[in-house]
Amino acid sequence: MEQERREESPVLDNPPTVVNFLRETNRLKNVESFQAVLLNTRKKLLRVEEVSHGLLDTLLVHPREVFRAAITANAAAIVLVHNHPSGDPTPARRISKPRAI
C-alpha cells in the first residue's frame, strides 16, 4: 500500500506546490516554454503538456492549443506555466508598432 501511495500523482492545489514540482524541469530549459499542467477533479496531476516552445526570449501560444491538450486529457482544471530562461521573472515590456501593409 505504501508503494502505491508513493506512485500516486501529486496534488497540485496551490502555486508554491506547482512551482516546486516544475522548478528543476524548467530551470534546465534554454528556450522559453509554455506548459499546461492538467489536473483531475481532486487537483491530482494527469500530465504536463508542453503547449509551445519558443526562442531565448520569445514565445507564441494560441488558446486553441492550450484547450486542445486539456480537452484531450479530460482535465477538470489546468494550470498554465511559463519559464524565463534568463532567470529574470520580470515580464518583458513589448510595444507593438503598427506595420504598413
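Predicted model, so just to flag it, every value in this text is computed and none were measured.

### Considering the overall build of the protein chain
Turning to step 1, where the next piece is worked out: The secondary structure content of the protein chain amounts to three helices and three strands.
Turning to step 2, where the next piece is worked out: Its helices and strands in sequence order give the protein chain the pattern α-α-β-β-α-β, from N to C terminus.
Turning to step 3, where the next piece is worked out: For the protein chain, the proportion of its 101 residues judged to be buried stands at 22%.
Turning to step 4, where the next piece is worked out: Taking contacts inside the protein chain between residues at least 6 apart in sequence as the whole, the part at least 24 apart equals 58%.
Turning to step 5, where the next piece is worked out: Here the protein chain has roughly 8,000 Å² of accessible surface; of this, 54% comes from carbon and sulfur atoms.

### Focus: the environment of Arg 47
Turning to step 1, where the next piece is worked out: Here Arg 47 lies in strand E2 (residues 45–53).
Turning to step 2, where the next piece is worked out: In contact with Arg 47, not counting residues within four places along its chain, are Ala 36, Val 37, Leu 38, Ala 69, Thr 72 and Ala 73.

### Some details on helix H3 (residues 63–72)
Spacing of three or four residues puts side chains on the same side of an α-helix, whose turn is 3.6 residues.
Turning to step 1, where the next piece is worked out: By the burial criterion, the buried members of H3 are Val 66, Ala 69 and Ala 70. Along the axis of H3, the buried residues cluster in a sector spanning 95 degrees; they form a single face. Summarising the geometry of H3, the exposed residues directed more than 90 degrees from the buried face are Ile 71 and Thr 72.
Turning to step 2, where the next piece is worked out: The inward-facing, buried residues of H3 abut strand E1 (33–39), E2 and strand E3 (77–82).
Turning to step 3, where the next piece is worked out: The first or second residue beyond H3 is Asn 74, which carries a positive phi of 55 degrees.

### Brief notes about the confidence of the model for the protein chain
Turning to step 1, where the next piece is worked out: Residues of the protein chain with pLDDT of at least 70 account for 82%, and the chain-wide mean is 84.
Turning to step 2, where the next piece is worked out: Averaged pLDDT values over the elements of the protein chain bottom out at 50 in helix H1 (residues 2–7) and peak at 95 in E1.

### Here's the deal with the nonpolar core
Turning to step 1, where the next piece is worked out: Of all hydrophobic cores here, the largest spans eight residues; its members are Phe 34, Ala 36, Leu 38, Val 51, Val 66, Ala 69, Ala 70 and Ala 73.
Turning to step 2, where the next piece is worked out: Residues within four places of Ala 73 in sequence aside, it is in contact with Leu 38, Leu 46 and Arg 47.
Turning to step 3, where the next piece is worked out: Counting seven residues, the second-largest nonpolar core is a separate cluster that includes Leu 22, Val 37, Leu 45 and Val 81.

### Quick word on the pairing of E2
Turning to step 1, where the next piece is worked out: Where E1 meets E2, seven bridges bridge the pair, whose relative direction is antiparallel. Paired with Ala 36 across the strands is Glu 49, a residue of E2.

### Concerning the environment of Ala 77
Turning to step 1, where the next piece is worked out: Tracing the chain through its elements places Ala 77 in strand E3.
Turning to step 2, where the next piece is worked out: A sequence separation of 38 residues divides Ala 77 from Leu 39, and the C-alpha atoms of the two residues are 5.1 Å apart.
Turning to step 3, where the next piece is worked out: Not counting residues up to four positions away in its chain, the partners in contact with Ala 77 are Val 37, Leu 38 and Leu 39.

### Looking at the sheet that holds E1
Turning to step 1, where the next piece is worked out: Within the open sheet, the three strands sit side by side as E2-E1-E3. Their pairing is antiparallel. Strands at the two margins of the open sheet, each flanked by one partner only, are E2 and E3. Pairs of neighbouring strands in the sheet enclose a mean axial angle of 20 degrees, with direction left out of account.
Turning to step 2, where the next piece is worked out: Bridge analysis of E1 against E3 gives six bridges, and the strand direction is antiparallel. Its bridge partner lying in E3, Ala 36 is registered against Leu 80.

Reading the values: rules and limits
- Residues numbered from 1 in each chain as written.
- Predicted model: local features only at pLDDT ≥ 70, side-chain atom pairs only at ≥ 80, totals over all residues.
- Heavy atoms only, no water.
- Helix = DSSP H or I, 4+ residues; strand = E, 2+ residues; numbered from the N terminus.
- Buried < 20%, exposed > 50% of the residue type's maximum accessible area, 1.4 Å probe, protein only.
- Contact = heavy atoms within 4.5 Å.
- Areas by Shrake-Rupley, 256 points an atom, 1.4 Å probe, with all protein chains shown as cover.
- Arc of directions from axis to C-beta.
- pLDDT = per-residue confidence, 0-100.
- Core = buried A, V, L, I, M, F, W, Y, C linked by side-chain atoms within 4.5 Å.
- Pairing = 2+ DSSP bridges.
- Axes fitted to C-alpha atoms, helices over the stretch in contact; angles between N-to-C directions.

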